[in-house]
Amino acid sequence: MKRTRNERGMALAIAIFALVIVGALVAGAFFAGTQEQRVAENSKRLQQSFGAAEMGLNEVIRNWKPQTLNKIPIYPRDSMRVPLAPNDSFTPDRSGVFGGYVYRLNDQVFLVDITARDKQSRSGVAGGGARQRLGQLVRIRVVNFNIGAALTTRGGVSLKGNALVNGRDTIPQGWDPTYCDTIGDTTKAGIRTPDSSQVDMQRADQLNGNPKVRQDTSVNANTFTQFGDVSYASLAASATIQLGSGNYKIAPSLSGGACNKADTHNWGDGMNPAQPCGSYFPVIHIAGDATLNGDQGQGVLLVDGDLDIQGSFVFYGIVLVQGSLKTAGGGSTDAHVYGAVMAKNVDLELNTLAGNATLQYSKCAVTNAMEATQVVTPVRSRAWAQLF
């Protein structure tokens, strides 16, 4: 007689077991999917923050403020926070935020240190996602004017009255020697010209330098229009102040206690370096002939035509004239220009200096004008690196 097994309840147990297995498989699939999604989200945010950091570096370089950043002391003495705002700034496409510091490593090289975070699209709140920190080395793009004298010209020079051209290096009165390179003999020639026979003076003491006159047959029209890979036209196009032909009286001006850089007749305050406009060195372009009659300015002055300096006007920096230079008067002023002058003489006219008109070479004025007006460019090869 066959005996039947009692198998009641097995179906329920098998069903429960199957549900457990299926649930585990579904949970595993959900877990794996969630992890994949999180990895993808993190990769996206990481890439987004990397792009924001790169964009931040480019924004700092694009909006470089020479008059502020080029003047910071060499690290570790000081650094400059960028952007120049209390809080971090959004990238132009608002894909993230960035902020950081600029460190000056030597006279010409800077490290831009930028940390960026992505912007969470779900919440619309910046931060809280991935973060990247990048550094980039940049160098001041110094224009090589090839300054070899207090006055460089391809025409004739006539010194009259109390006029003086002095190539002996001098630090302008009231300027901090800390920011002036006085290492070695930085004296230049008084006048640099392709034909020394065209230099005429009333007294021997009107011309000083080493040598007093340097005859340089390499001086030609291109000396005044091409400076390495930078042209006069590109310098003029990038000038911060654009003026037409005219008679100008130049003087520092303030707005709310700060230097009024919107005033095109404000070219800085070289006589009072500690004042608000003392660190303002603009690049000025005058499209034509110009007459300057008081008071003062500093920076890089570009004149397409002739330049006539009257009265007691004083300029600190580099003066580049495509025409001829003429001065008169001067009153009690000891110098019309501290720095260097390059006058092309398009029609090979005389550079006439009369009265108390002095062209005084000053490496300090030239260097400060160059450093305060030139932007930066990334160094060659790989200029950036990830910082941790």
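Residues numbered from 1 in each chain as written. Predicted model: local features only at pLDDT ≥ 70, side-chain atom pairs only at ≥ 80, totals over all residues. Heavy atoms only, no water.

A. The state of the cysteines, seen in detail. Evaluation of the coordinates by the stated rule reveals one disulfide. Cys259 shares a disulfide with Cys277; S-S distance 2.1 Å. Note on the Cys259 and Cys277 pair: the S-S dihedral is about 105°, so by sign convention the disulfide is right-handed. Of this pair, Cys259 sits in strand β17 (residues 258-259) while Cys277 sits in the loop between β17 and β18 (283-303); the two residues are 18 residues apart in sequence, bridging distant segments of the chain. Looking at Cys259, the relative accessible area reads 14%, which means it is buried. Accessibility expressed as a relative area gives 2% for Cys277, which makes it buried. (Disulfide = S-S within 2.5 Å. Helix = DSSP H or I, 4+ residues; strand = E, 2+ residues; numbered from the N terminus. Buried < 20%, exposed > 50% of the residue type's maximum accessible area, 1.4 Å probe, protein only.)

B. Local environment of the packing of aromatic side chains. What the rule picks out here adds up to nine aromatic pairs. Ring centres of Tyr101 and Tyr103 lie 6.3 Å apart, and the angle between their planes is 35°; on these two criteria the pair is classed as tilted. Look at Tyr101 and you get partly exposed, because its relative accessible area is 37%. Look at Trp175 and Tyr316: their rings are 5.6 Å apart centre to centre, the planes differ by 25°, and that puts the pair in the stacked class. You can see Trp175 sitting in the loop between β8 (164-166) and β9 (189-193) and its partner Tyr316 sitting in strand β20 (residues 314-321), a full 141 residues away along the chain. Residue classification places Trp175 among the buried residues on the basis of a relative accessible area of 10%. When its relative accessible area of 6% is taken as the criterion, Tyr316 is described as buried. Connected via pairs of aromatic rings, a cluster forms that spans Trp175, Phe281, Tyr316 and Tyr338. (Phe/Tyr/Trp six-rings, centres within 6.5 Å; stacked < 30°, edge-to-face > 60°.)

C. Inspection of the environment of Ile140 at higher detail. Considering the arrangement of structural elements, one finds Ile140 in strand β5 (residues 126-140). A residue is classified by how much of its surface remains accessible, and Ile140, at 3% relative accessible area, is buried. When the C-alpha atoms of Ile140 and Phe110 are compared, they prove to be 8.2 Å apart, with 30 residues separating the residues in sequence. Apart from residues no more than four positions distant in its own chain, Ile140 is found in contact with Asn70, Asp107, Gln108, Phe110, Gln374, Val375 and Val376. (Contact = heavy atoms within 4.5 Å.)

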